[in-house]
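# A structural walkthrough
Now for the letters of each chain:
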Amino acid sequence: MKEYIGTVIVGALLLAAVALVIVKMIKDKKSGKSSCGCNCPGCSGGKCPCRTK
């Protein structure tokens, strides 16, 4: 098991980072923040960040 400890640690760190990104994306979506990428015709509700610039 000692020879795999580095791999296990790196894997755990990567898994934690992915989980944090997913949680942030869910929170942003619930708070109304969107990452439409300035594809204004595809934005719903007229909340496109491109229109405020």
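Before reading on, note that the structure itself is shown above.
Residues numbered from 1 in each chain as written. Predicted model: local features only at pLDDT ≥ 70, side-chain atom pairs only at ≥ 80, totals over all residues. Heavy atoms only, no water.

### Here's the deal with the overall build of the protein
Quick reminder of the rule: A run of DSSP states H or I qualifies as a helix once it reaches four residues; a run of E qualifies as a strand once it reaches two. Both are numbered from the N-terminal end. Remark: exposure states derive from per-residue accessible area (1.4 Å probe, protein chains only) relative to the maximum for the residue type, with buried under 20%, exposed over 50%, and partly exposed in between. Residue exposure ignores everything except the shown protein chains as possible cover, and the areas themselves are Shrake-Rupley values with a 1.4 Å probe.
Helix and strand counts for the protein stand at 1 helix and 0 strands. The burial tally for the protein puts 6% of its 53 residues in the buried class. Counting every atom, the protein has about 4800 Å² of accessible surface; 68% of that belongs to carbon and sulfur.

### Describing the pattern of salt bridges
Under the convention used in this document: A side-chain nitrogen of Lys or Arg and a carboxyl oxygen of Asp or Glu constitute a salt bridge if their distance falls within 4 Å.
For the structure on display, the rule yields 1 salt bridge. The residue K24 makes a salt bridge to D28 at a minimum N-O spacing of 3.0 Å. Of this pair, K24 and D28 both sit in helix α1 (residues 5-30), 4 residues apart, which is roughly one turn of the helix.

This is a description of form; function is not addressed.
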